Amino acid sequence: METQTKQKLFEQASSWVLEAGENIRQQMEQPFKVETKAGPNDLVTELDKETEKFFVEKINSTYPDHKLFGEEGFGDEIKTLDGTVWIVDPIDGTMNFVHQKRNFAISVGIYQDGVGEIGIIYDVMADVLYTGIRGEGAYKNGKRLDSLSKPQSLESSILCINSFWALRNKRVSEEGIHRLVEKVRGTRSFGSAALEFAYVAEGIIDGYLTMSLMPWDIAAGIVIVDEAGGITTQADGEPVNMLEKNSILTSHKDIHKEIVSEYIELKK
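These figures come from a predicted structure and were not determined experimentally.

Digging into unusual backbone geometry
Phase 1 of the analysis: Although it is not a glycine, Asn103 adopts a positive phi angle of roughly 60°.
Phase 2 of the analysis: Within the element layout of this structure, Asn103 appears in the loop between helix 3 (94-99) and strand 5 (105-112).
Phase 3 of the analysis: For Asp113, which is not a glycine, the phi torsion comes out positive at approximately 50°.
Phase 4 of the analysis: Looking at where Asp113 falls in the secondary structure, it is placed in the loop between strand 5 and strand 6 (115-123).

So, the pairing of strand 12 (residues 207-213)
Phase 1 of the analysis: Among the seven residues in strand 12, seven count as buried, and that is most of the element.
Phase 2 of the analysis: As paired strands, strand 10 (residues 158-161) and strand 12 are joined by three bridges and run parallel to one another. Each residue of the ladder has a partner; that of Ile161, found in strand 12, is Leu209.

Thoughts on the packing of aromatic side chains
Phase 1 of the analysis: Overall, the coordinates contain eight aromatic pairs when judged by the stated rule.
Phase 2 of the analysis: Seen in terms of ring centroids, Trp16 and Trp86 are 5.6 Å apart; in terms of plane orientation they differ by 35°. Their pairing is tilted. You can see Trp16 sitting in helix 1 (residues 3-27) and its partner Trp86 sitting in strand 4 (residues 84-92), a full 70 residues away along the chain. Judged on exposure class, the residue Trp16 and its partner Trp86 are both buried.
Phase 3 of the analysis: Measuring from ring centre to ring centre gives 6.0 Å for Phe197 and Tyr208, while their planes differ by 80°; the resulting arrangement is edge-to-face. A residue pair is termed long-range when its members are at least 10 positions apart, and Phe197 in helix 6 (residues 193-202) and Tyr208 in strand 12 qualify at eleven residues. Each member of the pair, Phe197 as well as Tyr208, carries the same accessibility label: buried.
Phase 4 of the analysis: Through pairs of rings, three or more aromatic residues link up here, namely Trp16, Tyr63 and Trp86.

Here we look at the side chain of Thr51
Phase 1 of the analysis: Within the secondary structure layout, Thr51 lies in helix 2 (residues 46-62).
Phase 2 of the analysis: With residues near it in sequence (within four places) discarded, Thr51 still touches Ala20, Ile24 and Pro90.

What counts and how
- Residues numbered from 1 in each chain as written.
- Predicted model: local features only at pLDDT ≥ 70, side-chain atom pairs only at ≥ 80, totals over all residues.
- Heavy atoms only, no water.
- Helix = DSSP H or I, 4+ residues; strand = E, 2+ residues; numbered from the N terminus.
- Buried < 20%, exposed > 50% of the residue type's maximum accessible area, 1.4 Å probe, protein only.
- Pairing = 2+ DSSP bridges.
- Phe/Tyr/Trp six-rings, centres within 6.5 Å; stacked < 30°, edge-to-face > 60°.
- Contact = heavy atoms within 4.5 Å.

Here you go:
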């Protein structure tokens, strides 16, 4: 993707994300319907659906040759990442949105022929915009993120670990996760994969490990973490498949290999 085209696309996408965030803030205090999808803890609201429809309408009218791969199913049926594909999570952290009315984000990744070109994560209630453009760095509200360039050890790291998915997943050894928790300085969980990626890029946490994320959860975050100097793979170190569910480890490069080789024990 040409630099000028990419910059124009980034500016347009950013303006839509900010507009969608303002729409959410204006409506979130009004009563809205909460439904479940795959299970009682897999929530979706009217605002999730309205926000994805907002992006579908904007993209279809402005970039009719682009496709949208979205969580709520209002976009295209995606079987390949050929061409330009917007991978959108309209509200990442819906449970936080419903219960806390904070700690949720809009996540938009734009991929060209399978390569992440643009990543945008917007912490709606904090009004904080994390962005990344391939080859141009990662930013928080326009300020370049460079904390991942500093050396880091596992012993002094804080990790986000979604213990529910880590310990519930039958493919991962609980013993390895227990040893990892004992090794690091501390663990956290924020309930929004997009924000946890953003926090890795910012350097306020050093890694994020979870066993079950969909492409829309990670598309923007992968671009931003990569541009900040971090690395993202599946939990066992294998490349991420952007068309299906993945285990995920995104982290500072200094600790990534050690976590994969010493602590992640996937069962056959």
